[in-house]
Amino acid sequence: MLRINLLPPYIYAGKAKGRVTALWVIILVAVVGGLLFFKSTIDADKERINKEASDLEPKAKKADDDATLATKINTDSATIRAKADFARNAIKHDQETYPNLYRNVVMYTWNRVLYDYIRPEGATVNMSAFTPTLPDVAHYLMAMERNPNVSRVDIRMSSIPGFPNEGGAQGQQGMGQQQQGAGVRPESGGGHDFLVTLNLYQPIPAGPTFGGGGGAAQPAGGGMPGMGGSGGMMSGGMMSGGPMMSGGPMMSGGGGGKAGAA
Amino acid sequence: MGKLTLLHINIIGAVVAIIVALGIWFTLVTGAQDEHQKAETAKKAVEDRANKAATAAAALKKAQQDKVTAETDWRKFDATYTPTIGYTQFTGPDARVRMMRALFWPNNGKSWPERYRRTIASYMAAERKRNGIVWVNPMVTAMGPFGPNPNTIEAAPGDKLGPVLHYTYDMQVTGTSLGSLINHVKGWPRITGAGIPVVDSVQVVGNSPNLTMTYRLTFTLILKDADVKAIPPEDPRVGGESGNAGGGMGGGMGMPGMMGGMGRPSMGGPMMSGGGGPMMSGGPMMSGGPMMSGGPMMSGGPMMGGKRGMGGG
């Protein structure tokens, strides 16, 4: 039998509205609950992070303490460290800087070269030199240019003879050489004077200072006798040339080594 | 309620749900997220600090080692190089004056300049035996008069009485070989009781065996703490300044045996009063061969220990 609902729809509307309302209430509760749960997870994670941070704190504090203590020790000991460093550097400077420089120059010096002075200044070493023959100058150049501490070797000399005119130049050439040696060099005459400038890769370091550095030289006693100009030392009878001409290196004996192989 | 349709209820439900959700989100959730972020930031900071633990420990260890090394080394250097000027022996209201009289006026070899010069001269005498080095210009270590005012005394130029003193000398020595001269330079750290030496501007002139070397020698005296603390305070009741008479660099020039007759009082006045100019540059006196090579001059003892010829004060 066919069932026919003759009741109007509004009869059921109240029930439907109740269900929909309940549904929205449930939805609202779910939303609130979800958000609260979400917040609780955030809080839990935050607690975990805080706990981890708390666990790390002692290590971090020790690191801080160590760093602070290290700084304090460094600060407290700065003066004595500066003193000790200065003394160490001064000793090292005295024992190495100029001795090594001179040793290096001597090591790369051709053994038939006679120096009249050696003046290290800044990044250069200026020297006055003498050799008995022109080939010795070339040997000197070849030896010195192999010096690993020297970037360039500059030589100034004026005794290189010109090319003779045919038939009449022998005497002029000989005269040119003898002029250089006259009066200063071996009595036999001859030889070549030249000035050398060694350009160093590294400037000669200045000595260390402490507490403002050294003042001016003491005025008492005056200047250096005999050192006002090199002329006195260079041109007088002091330069007898004997040692040089005997073949040995003038300054130390170390000139033969590498230079000889050059 | 009765008049509300389903549409109304849905709209109201949705709006309320959204409002409540947003309310909760922007109050509770975002607050929690902020806290979470702060916690993470804090943890990151702690981690960063903790990660430096190894570095900090190493830095601490190094600092401790450096300190120990520096203290050990400095004890050694201090014992070797630092002289005692002797400020500690003066106390009381007139300490400054008594200090001046005892330490900075000629005092039978007991004053500071006399003792200091003697130290250097002794070393150079030993160098002569060791390396055959002849000190050509020992007069460079002479100190001028310190004047009558105890408050303006400078133990070294510009350094007052301490705690650090610098003495710089343009030295000239002769030797027979470059090796001996270089050994002389290298040997300066062996000196004791004269400060820490620094050698600079080394130049060599001449030919073997007549080599002359010049260099600038700077002594840095880092005084002992006890000496520094004992420096007598300035005495406001005493003043004065050096007069013209008797000035100049008397000490070195008046030494008997070094300059021969130059140290005699009759010679001292006029020669020294000019600030040493004529004599300092005097070629004849300074450059004379016999004087430079004279053994007795370099032997040090009597020359250095004797009274200062001029006695500037």
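Residues numbered from 1 in each chain as written. Chains lettered and ligands numbered in written order. Predicted model: local features only at pLDDT ≥ 70, side-chain atom pairs only at ≥ 80, totals over all residues. Heavy atoms only, no water.

1. Notes on the overall build of chain B
Consideration 1: Helix and strand content of chain B: 13 helices and 4 strands.
Consideration 2: Considering only contacts within chain B whose residues lie at least 6 apart along the sequence, 71% involve residues at least 24 apart. (Helix = DSSP H or I, 4+ residues; strand = E, 2+ residues; numbered from the N terminus. Contact = heavy atoms within 4.5 Å.)

2. Describing the packing of helix α2 (residues 78-107) of chain A against helix α2 (residues 53-81) of chain B
The relative placement of two packed helices is expressed as an angle between their axes plus a distance between the axes.
Consideration 1: Between α2 of chain A and α2 of chain B, the shortest axis-to-axis distance is 8 Å and the interhelical angle comes to 60°. By the criterion of interaxial angle, the relationship of α2 of chain A to α2 of chain B is oblique. α2 of chain B is crossed by α2 of chain A, and the crossing has left-handed handedness. Between α2 of chain A, through Ile80, Arg81, Lys83, Ala84, Ala87, Arg88 and Ile91 of chain A, and α2 of chain B, the contact on the second element is made entirely by Asp66, Thr69, Ala70, Glu71, Asp73, Trp74, Phe77 and Tyr81 of chain B.
Consideration 2: In the contact of α2 of chain A with α2 of chain B, the residues fall into 8 nonpolar, 1 polar and 6 charged. (Axes fitted to C-alpha atoms, helices over the stretch in contact; angles between N-to-C directions. Parallel < 35°, antiparallel > 145°, perpendicular 65-115°, else oblique. Left-handed = near helix turned anticlockwise from the far one by under 90°. Nonpolar A, V, L, I, M, F, W, Y, C, P; charged D, E, K, R; others polar.)

3. Topic: the confidence of the model for chain A
Consideration 1: On average, residues of chain A carry a pLDDT of 77, and 71% of them reach 70 or more.
Consideration 2: This stretch, residues 218-262 of chain A, has a pLDDT under 50; its non-local contacts, to residues over four places away or in other chains, come to 113 contacts. (pLDDT = per-residue confidence, 0-100.)

4. Structural notes on the packing of helix α1 (residues 10-76) of chain A against helix α1 (residues 6-51) of chain B
Consideration 1: Two numbers describe how α1 of chain A lies on α1 of chain B: the axes approach to 7 Å, and their chain directions differ by 5°. Classified by the angle their axes make, α1 of chain A and α1 of chain B are roughly parallel.
Consideration 2: Split by residue class, the contact of α1 of chain A with α1 of chain B holds 30 nonpolar, 6 polar and 15 charged.

5. Observations concerning unusual backbone geometry
The bulk of non-glycine residues show a negative phi, and the bulk of peptide bonds are trans.
Residues and elements named next belong to chain B.
Consideration 1: The linkage connecting Gly162 with the following residue, Pro163, adopts the cis geometry, with an omega of 10°.
Consideration 2: With respect to the helices, strands and loops of the structure, Pro163 is situated in the loop between β1 (134-135) and β2 (164-175).
Consideration 3: At Asn108, a residue that is not glycine, the phi angle is positive and equals roughly 55°.
Consideration 4: For Asn108, the position within the fold is in the loop between α3 (95-104) and α4 (112-131).
Consideration 5: Phi at Ser201 takes a positive value of approximately 50°, unusual for a residue other than glycine.

6. Some points on the interface of chain B and chain A
The extent of an interface is frequently quoted as the accessible surface area lost upon association of the parts.
Consideration 1: Facing the 98 residues of chain B at the interface are 87 residues of chain A.
Consideration 2: Summing both partners gives a buried area of about 7,700 Å² for chain B against chain A, and 70% of it is carried by carbon and sulfur.
Consideration 3: Ranking the residues of chain B by area buried against chain A places Arg49, Val205 and Asn207 of chain B at the top, with a combined share of 8%.
Consideration 4: Linking chain B to chain A there are 4 salt bridges.
Consideration 5: When the shortest N-O distance is used, the salt bridge between Arg49 of chain B and Glu57 of chain A registers 3.0 Å.
Consideration 6: In this assembly, chain B and chain A are joined by 19 residue pairs in polar contact (both at pLDDT 80 or more).
Consideration 7: Counting residues per element, the ones that place at least two in the side of chain B that touches chain A are α1, α2, β2, α5 (178-187), β3 (196-207), β4 (210-222) and α10 (283-287) of chain B.
Consideration 8: Examining the composition of the side of chain B that touches chain A, we find that 24 residues originate from one element, α1 of chain B, more than from any other.
Consideration 9: Within the side of chain B that touches chain A, the residues separate by chemical class into 58 nonpolar, 25 polar and 15 charged.
Consideration 10: Note: strand β1 (residues 114-121) of chain A against β3 of chain B, 2 bridges, orientation antiparallel. (Buried area = accessible area lost by both parts, 1.4 Å probe. Salt bridge = Lys/Arg side-chain N within 4 Å of Asp/Glu carboxyl O. Polar contact = N/O pair within 3.5 Å; in protein donor to acceptor, adjacent residues only side chain to side chain. Pairing = 2+ DSSP bridges.)

7. Points about α1 of chain A
Consideration 1: Its 67 residues place the ends of α1 of chain A 94 Å apart at the C-alpha level, agreeing with the 99 Å of an ideal helix rising 1.5 Å per residue.
Consideration 2: For α1 of chain A, the principal kink sits at Glu57 of chain A and spans about 40°; a proline, Pro58 of chain A, occurs within the next four residues. (Expected span 1.5 Å × (residues − 1). Bend = angle between axes of the 7 residues up to and from the residue.)

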